[in-house]
Each structure stands twice: as structure tokens, then as C-alpha cells.
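Now for the letters of each chain:
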There are 4 protein chains.
Amino acid sequence: MSNSQISSSDGERRFVLTLGCPDRTGIVAALAGFLTGVGGWITEAAYHSDPSTGWFFTRQAVRADSVAMPVEEFRGRFAEVAAMFGPEAEWSVTDSGAEKSVVLLVSKDSHCLTDILSRAERGDFPAQVSAVVGNHRDLEALTTRFGVPFHHVPFPKEGKAEAFAEVQRIVEGYDPNAIVLARFMQILPADLCEAWAGRAINIHHSFLPSFVGARPYHQAFDRGVKLIGATCHYVTADLDAGPIIEQDVSRIDHGYSAADMVSQGRDIETLVLARGVRWHLEHRVLVHDRKTVVFQ
Amino acid sequence: MSNSQISSSDGERRFVLTLGCPDRTGIVAALAGFLTGVGGWITEAAYHSDPSTGWFFTRQAVRADSVAMPVEEFRGRFAEVAAMFGPEAEWSVTDSGAEKSVVLLVSKDSHCLTDILSRAERGDFPAQVSAVVGNHRDLEALTTRFGVPFHHVPFPKEGKAEAFAEVQRIVEGYDPNAIVLARFMQILPADLCEAWAGRAINIHHSFLPSFVGARPYHQAFDRGVKLIGATCHYVTADLDAGPIIEQDVSRIDHGYSAADMVSQGRDIETLVLARGVRWHLEHRVLVHDRKTVVFQ
Amino acid sequence: MSNSQISSSDGERRFVLTLGCPDRTGIVAALAGFLTGVGGWITEAAYHSDPSTGWFFTRQAVRADSVAMPVEEFRGRFAEVAAMFGPEAEWSVTDSGAEKSVVLLVSKDSHCLTDILSRAERGDFPAQVSAVVGNHRDLEALTTRFGVPFHHVPFPKEGKAEAFAEVQRIVEGYDPNAIVLARFMQILPADLCEAWAGRAINIHHSFLPSFVGARPYHQAFDRGVKLIGATCHYVTADLDAGPIIEQDVSRIDHGYSAADMVSQGRDIETLVLARGVRWHLEHRVLVHDRKTVVFQ
Amino acid sequence: MSNSQISSSDGERRFVLTLGCPDRTGIVAALAGFLTGVGGWITEAAYHSDPSTGWFFTRQAVRADSVAMPVEEFRGRFAEVAAMFGPEAEWSVTDSGAEKSVVLLVSKDSHCLTDILSRAERGDFPAQVSAVVGNHRDLEALTTRFGVPFHHVPFPKEGKAEAFAEVQRIVEGYDPNAIVLARFMQILPADLCEAWAGRAINIHHSFLPSFVGARPYHQAFDRGVKLIGATCHYVTADLDAGPIIEQDVSRIDHGYSAADMVSQGRDIETLVLARGVRWHLEHRVLVHDRKTVVFQ
């Protein structure tokens, strides 16, 4: 888990570079040569070479003050290096000092929303919460108390397409780094999954792939499992089947009703979502096919 | 963990009986006979027989509607039974439908405070938060946003005794079921520990007995441990040595600075304190000598 | 978890009583009255009242030396009490001092086998291993080194029915308290599931209901989960769907190949199976419908 | 945890390079340049930059078949590069295909011993067990059953120095990569700690720094903790204060006697020791001052 906290806690600006490309010898040396050439003081460097796909992944962070240029120039110069890694290569260069933003989609459950609003307020989250969109008004007062705008978009049974269009319009007005479905109870249509690919993050209240779909705690109760779980994943058109970012579990026993699981599950949902979104915002999550590489 | 959730989630009123006394045969039968005699429908029953001390402990809950009498009468009739268990016996009878209250003592760290305020607000906590007392004003706005009164009591270096007297006066005005030190950075004087014995609950940010006292995360960093922890315990005059209610840990590695531990530790402190206070309020914690029996 | 260790570690004989029956008032009192009447010194007592099925479950242990009669008489006298609880009631009375026995079914993987043989040898297991049956000879030397007989029953593709008949004949010759499928790679036929209902225990190398069937670690690798797990359950004719006794998980990340998961998974499989079989042998597991009550 | 399993499970030979030195820019580039220059196909690369000490640490593995030279030559060429990193730099180059060996020191408890012997036997451990030394004969039969020599060295109260001299003579005859104190109940004298610095590994049956010294479970029982733990650490002359490699914990409750903790603790001791020794043998553990960097 090592380096994840360094950048967030010491508050120093970093340029963060991520790269995924077909593996071959010399990539690490090319990257290191480039970073040394620009005087980069590396504070984090993580690598993963995946034999099953033949791909190579890396994430590196350098102190911004060690590189005597703005991030745009750094990005431009890296583009020249990246060209060596082939047309399939996917890379990014970001400035940890740049403002980041998230928009949350919610329904009636407050636990994930409150947690993220509180983390952001106390300076313990790598983004500001720009807005909250709810299909009910239940969480409006809670949201505005934090000084965050709340948008109510009703979801009538006949009229979901229009509602989603409205949600999309609102969300995209904020141009957020992540759209977080914080116990939002509506299934995103395929076109929205497409439009927000790699940015829309959901928390599912089971240890996927167990208990896909509705009422997972009731499914868990019926099966008699001894642990309940939560899964943070990117949203795709395939329900609850997107790339998994983070999962965790919590012990229960025969004495738990489904309602008890709902209650206890809130804590694990809250933590798993907060971790997953944080890692996404810190560019620690690289997606390849249906899976993620997470450089914690 | 079984039965803890039943009473909280189904919302039905229970009469809860706890007993600790020197062990001997016949106690269980005497209790069961009493409960049957009053028509009690038992929903939870937990027992512990401790060979090291020779004591017996139990906690039982019956549906209030199965016992055709008010809690005062139930308590009175149980008193006659309890007399059999000797003069050392400690017991209580409470009505889960009675309003419970907590007062929180805080300083500048908001995570535990926000968590408990949020749980109480969403109806997921067995008490209301009657008031918050802070030795700084940092958390005043956060508190009052939840509609909870905030009392600021400054703690000047010369004048702590007066400050504690003021805190005591405020706290006792609310007659709370628990006084929760939610990252309160002042050490309670011995007389206050005595006055609040069995009601004052602290969260210490280490896995006690490791790292007693100040700056436990810095101590943990210096020692190079691979897990950090938190401990919820009753406050006694012996610093960080009171009976432990709950503990948990979180994995770190060599990449964590002390500041990173402080950041990550907030999540585990929050959960451990919330659990410990909940169990206390639900009369699941029986103290004997320096240890607890926790009937989850 | 409290009382599970008491009986195993202090070595004293107990009479253990389990009961499951439709819930109604007075059961606890009837039991307590009976136990008091025979002078029983209760060392463990656990209860569960299940609102979803309307059933009541209990397990109680009394010191054998406190009850001045042999277990057969104790059982006979309890049968009269149990008659009150209706024709559906299921109950048992056992003597913890009676010898218990298990038979293990294995294939080529040694980790679960070695672990149980070692626990039994060092006196840290509530049964002796009477025999091991393998469909290959790979684990014969390991088994006989512990002084335990090994039976080789080949499973030719055409001839599984005969092989299972032979396994059944061997196993039933030992009249074991549990038949443990310790990474046995053959699927029991329905009639054997029926014959061994409530005694045949399997370890499945996934967190069920995820990844039923063959090669669960490869399924886990393909899905990109962040935790792998193991499940100990009673064998039923419905593959990997029997009542779950115990589950646990272990963290992995993107760097784990399926082979790495196989390797790391061994530790969690070993622990989960050992716990599940122990609890079964100590009469801590009560089965009702497709689920278990586990009184740890 | 990612890459630790790759090398062990795919069975391919690697050259493994570790380095610790004062941090400055250009180290990563120098390493990458060197590895590229020799044609090294990097399969694992982990870095840690420690702001508190100003040191830099790395561990890298390359496929041996990608480097057209024997390990001695590779080591020699790296020595020239390493010279750039200053006189304090500590580094190693090893061949994962080279045979590794451990010697175990034991007393009467068999759980850690059996576990390591079993892992080694089934090919799931990165070393062979060359010998076992015991201060009692209790574990002799168990050891020799695995075909491993057992040396009995009695430790009379008057004569420990001679006994330790004998142990040292035996151990050093095997020139092991690790000397593992697998619940060895004798305290190593300072000169032996010195002679075996960085190679002698102990398992302590508590979550250090809690409960240093004798009978930690009894200390834990007296304090009433809610989790028990185990710590794997390098042995130094300062009792139970050496650099920590790995720790883990296990939940208990008020029902556990000290003897129950001893019993349950065996599982966590076994796992923590096995992990710690494995990481040591795979050159994943770099020691600096009193702490470790562990590149899992």
C-alpha cells in the first residue's frame, strides 16, 4: 500500500504519469531516461508486467518542483517518448496540484454521501464535491448543509430516458473527474455507461460476482453466507460486471436478519467506496479489458 | 455477533436484563423461571461463566409486549430474584424503548464526531446526541449544523481544574448514558474518572497496550509495526489502562509516514468507537475488575 | 466466539445438548428446569431465535461430573422433556469424552490433509483420523507416516459408480462422525449425499456462491476480484450449494496469476476447513433448511 | 502483494537485485540503464523512497535467460554501477535458481515446524530445510519422518553457553540462508545475535510491542485485549525489539482463557512466520536501522 499516502499527506505537488502498453524490454529504461533527462525526482514508482495479456503497466510520480516546466510541457515531451510504445499505448500525465472534482448520484441512503462530503470538508479527499444529484429530495438538506449544490431529478417510471438526459446535462456541466454512484438506485443506460466509461464508479453492496442485481443482502440472507461484502467498480453496460477497483467483507452470523446486514453493511460500503474513488482520483487505477491494475 | 442487530433493526421494545454475580448452580434456572413466570418471550440470551474469577454473567432480552407490566414493576420483581445471587451481584433492567442520550467531548479532529452525529441523524444509533463539548471552537459549526448544541470550554494551561469543573457541570446537566471522548485531547482528572466510572468511554489511537500516551502513530512509526490499531475503552484514572470494550487494526507498510498513519487510522478509530459506544448503550458490556464481557 | 475453547482446552468432560424446534415461550425455562433438576453445572449456553423461520435453537454444555448419571440416562431423561417441543424437534445429547472419528477423502493436494493429521497428532483436534481414502496414491506415504491407514480407490472414467460404492463401503466401516472432503476432486453421487447428509463436509476454494464448480481460482482471475476465499459446507446433491458452515477470504491484487491464487489460497482453505470440521465435531453446528446456526 | 508469487509459481529463474542507499536523483535511471544494457527483461520492480531517513530502496528481478551471463558476472558488473551510490550503499544480487537452505531451532511446540516442513515438502517454500535443532527430543520423530536431520542439544541451567556454542557449530555447518526460531524457548546470547544478524528470524506470540517477553498470552488475558497477534522479526540482542517483518492478529473475546489463546494463536503464529521467512528468502526484506522495507 506504500506510497498512496505520501502524496496526499505531505501536500507537495507531483506530476503523475501512468502508462499501459504491450510489454517489451527497454520500457523502464526509456521512462527512467526521460525522467532523469528532465531532472525528475521520483517519489513513487510502481510497475506491473502481466504475463496473461502481455501488457506492461506503470505509475510514477515526480516532484513538480524538480521538473523545471509546466505540466503541459512535461506532457508534450512525454508524448514523444510514449510514441515508442506503439499505437495501443494508453498514458496520462497529470498535476496533483490541479483541482479535481466529483459529482455524486444518490437516492435515499445517506451513509456514502455523508462520508465523502465529510472527508472532502476536512481536507482528507483528493477532490472537491462539485454537486450531488438525487432522484429523491431526501438528501437535499444534508448536502446543502455542506455548501454543496443539490439537483433533484425525479425518475418517473415513464420518463427515465428524459431523467437520465437531465442527469447527464447536469453532471457534464461540472466536467467531473469522477461520477460516483453513491447508492444510486437507478441502472445507467448503455449510452451513459459509454459516455462516462472509466469515470463512473459504483458501489455494489455485495462481494461480486455473488449477488448481482437487486437486494443483495436479501440474497445473502437466503444463501446463509458467513461474510457480507461490498464492491467498488467502474460502471459498464453489463450490470455489476464492470472492472473491480476494490472489495472488502465483514463477518456476520446466523443471528443477522437481512435488515441487520443492511445496517452492518453500510460501514463496509462506505469504506470500500471511499478507497476506490480515492485511488481513481489519484490515477492509481489502470483499466485493461475487464480488469484493473491498482497501484496503491 | 448474532443478536445485537435484532433489537436495533426490528424496532420492537425489549426489556433488557444484565447480571453479574459469583457463579453457582441454579442461576440460569432461577432466571428462566422468573422470565417464564412473567410470560417473557426471550429474544436474546447470552451467558458467560468465567473460571478465572468464578463469576457468572448474563444478558437477556424479552419482548416488552410479552410482559404485561411496566419496566419499573419488572425491575422490582427481578430485584427479589436477584437477592438470591448474593450481595456482590450487579444487575440492571432497562427498557430499550426509553430515550438514551450521549454527550461527546471533542477537540479539533472531526471524524469520530461526524460519524456519530450522522449515525444518530439517520436513525442508526441507539441514542441521541444531546450535546457536544469542545475545548476549541473548531467543531462548533459542524455540530450545530446537526441541530446539536455545542459548548465551548477553553482549557488554559493554568486553569484546567476550572475547565474540567465546567465540563462536568455541563455534561451532568444532560444526565447522559455515555460520555464519549471522541478524540478529546485532555486527560480526565481522577475525580471525574471516578464520577463517570462505567460511563466515560475513550477512543485511543493505538492497539493498546502498545503505544500508551501521546502521539501513538509516531510511536508506531518509530517501531516499524505492520498494523496500526484503535482501542475503545472505559476511562479510568490509570491512563489508557481502563477496561477494553473493542479493538481493531488496519494494515500499513513501510511506505506510511506517521502522517499517513494518522490519516488511515481515522477510519479504524471511527468504526471501533462507534461499535464500542453502541454496545455500551445496548447494555451489552459488563465490566468486572479491569476487563469486560461483551455480549454482541 | 466465547465458549468454544473452554471445553476443548480444559479437557473436562461435558454432556452437550442441542435442540432445534418451533419457537414458543417456556422452552428456555423447561430446559433450565430440567438441567437444574439433574444438578447440571452449565458451562456453555447459547440460544438463537430465528424470526424468519419461527424456529428456536440452543446448545448447552454441562459438566459431566455435575450430573450423577451416565450419558444414556441423561439422554433418556431429556427425551421426555424434548417431547414437549413437538414432533418436528431435532435434538441430540452427546458426551464430549466419547471418542470421535473422521475419515478424509483426498486426491493429490496435501495441504488440508497434512493440517488435520498434524492437529490430531498434537492433540489439538476433537477427533482421531481413522482413515484416509484417496483416488490417487500421491498422499499415501504422507498419511501412513502419521500411522493412519490409507485406502486407494481408483476412479476410472468408466467405473465411478463402482468406485463410489467401494469408498462408501470403506468409509462406513469406520462409522465416522464426519466424512471430510479435503480437496477431493470427485463429485459425490446423489445417493451418497443422502446417505451422509449432515456428516459429509467439503471445502470449496472460493467464496461461495461465487465461482461454483471447477477451477474457481481461474474464474476469480478472469473476473479480477480483489479477495479470494474458501467455503466449508455440508455436501448436498446440489453442487456447492449445501449449508455453509464457515467462510473466509484473503487479499490479492492484480499481480496474482491464477497459479499464485492457488498457492496463496491453500492457507485460507486449510484454516476454514479446520474450523468448520471442529465446530461440527463439537456439535456447534445446527442445520435447518439450507442454512446453519453455528454456536461458536 | 503483487509480484511475490510470480517468481515462485512460474518457476522461472530470476536474477534478483536489491539496493539501499542515500537517495538522490538519477538512481532509477542508472539502474534502468544498467539493466537495459545487459538486456534484462524486468519482471518485478519495486521502489521506496523514505523521507524520514533520506534513503532509497529498490528490489528488481530480471529473467535470467534474458541476461546472457552467469550471476557472478552480472554481480560483478552491477558492482561497478553500485559504486556510484556511495560507500553506505548496501546491495545484493542473487540467483533465484540457487538452492536455499534454512535451519530451524525448536523446543516442544510443533505447529510452526510441521508447517514449514510440509510447505517445503510439497514444493511450496523457497528453501529446503537442512536441519532442525531442538533443546528437547519431543520433535525428533516428527522431523526425521520428513527425512530431515534432527540435532538434540540439551540446555541445562548451568551450561547454556556451551549449549549455544554447540548450536552455533551445528547451524553454521549448514551455512543456511535463514536460522528460524520456530517457537524456540531460549534467548539467543548477544554474540550469536551479532553473528547471525539479518539471518536469525523469530516468531513472537504477541502483537509487538505489546507483551514483550514470557507468556504473552497470559499477559494478553490479564489485560483483556480483544485481538491476539503474532510478530515475525529479526533477532537482535534487544529482546523482542528487532526489526519487524510481518504481523497479524486474530479475534478473541471474553470467553477465551489463556489456554484458549495459546490454542487459537497457533494458527496465526504459523502463518505469520511462514510469510516472514518466505519474504526474507526471496530477498524482499531490506533492513535499515531498526525497521524493514518489505517489497511483497
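Residues numbered from 1 in each chain as written. Chains lettered and ligands numbered in written order. Predicted model: local features only at pLDDT ≥ 70, side-chain atom pairs only at ≥ 80, totals over all residues. Heavy atoms only, no water.

The name given to chain A in an unreviewed UniProt entry is Formyltetrahydrofolate deformylase, with the source organism recorded as Gordonia hydrophobica. As stated in UniProt under Catalytic activity (unreviewed entry), the record for chain A gives "(6R)-10-formyltetrahydrofolate + H2O = (6S)-5,6,7,8-tetrahydrofolate + formate + H(+)". Quoted verbatim from the Pathway (unreviewed entry) heading of the UniProt record, the comment on chain A is "Purine metabolism; IMP biosynthesis via de novo pathway; formate from 10-formyl-5,6,7,8-tetrahydrofolate: step 1/1." (UniProt positions renumbered as here; feature names shortened; annotations may be inferred.)

Counted under the stated rule, the structure contains zero disulfides over all chains. Considering cysteine sulfurs only, Cys232(B) is the nearest to Cys193(B), which forms no disulfide, with 15 Å between them. According to the relative accessible area criterion, Cys193(B) is buried, its value standing at 5%. With no disulfide of its own, Cys232(C) lies 9.5 Å from the sulfur of Cys112(C), the closest cysteine sulfur. (Disulfide = S-S within 2.5 Å. Buried < 20%, exposed > 50% of the residue type's maximum accessible area, 1.4 Å probe, protein only.)

Attention shifts here to the sheet that holds strand β5 (residues 101-106) of chain B. All names here are of chain B. Read across the open sheet, the seven strands follow the order β7-β6-β5-β8-β9-β10-β11; overall the sheet is mixed. Taken across any chain shown, the strands that pair with only one partner, and hence form the sheet edges, are β7 (150-152) and β11 (244-251). Each strand of the sheet is rotated relative to its neighbour by a mean of 20°, with strand direction disregarded. Examined bridge by bridge, strand β8 (residues 178-181) and strand β9 (residues 200-204) share three bridges and lie parallel to one another. (Pairing = 2+ DSSP bridges. Helix = DSSP H or I, 4+ residues; strand = E, 2+ residues; numbered from the N terminus. Axes fitted to C-alpha atoms, helices over the stretch in contact; angles between N-to-C directions.)

This next bit is on the sheet that holds strand β11 (residues 244-251) of chain C. Residue and element names in this part refer to chain C. The seven strands are arranged β7-β6-β5-β8-β9-β10-β11 in an open sheet whose pairing can be described as mixed. Strands with a single pairing partner mark the edges of an open sheet, and in this sheet they are β7 (150-152) and β11. Neighbour-to-neighbour, the strand axes of this sheet turn through a mean angle of 20°, independent of strand direction. Relative to β11, strand β10 (residues 227-234) is paired through seven bridges, and the arrangement is antiparallel. Bridging across to β11, Cys232 finds its partner in Glu246.

The transformation that overlays chain C on chain A combines an axial shift of 0.0 Å with a rotation of 180°, and the residual RMSD is 0.0 Å. Here the transformation between the copies is reduced to the relation of a two-fold axis. Ranked by how close their C-alpha atoms come to the rotation axis, the residues of chain C are headed by Ser210(C), at 2.5 Å. (Least-squares fit on C-alpha atoms with pLDDT ≥ 70 in both.)

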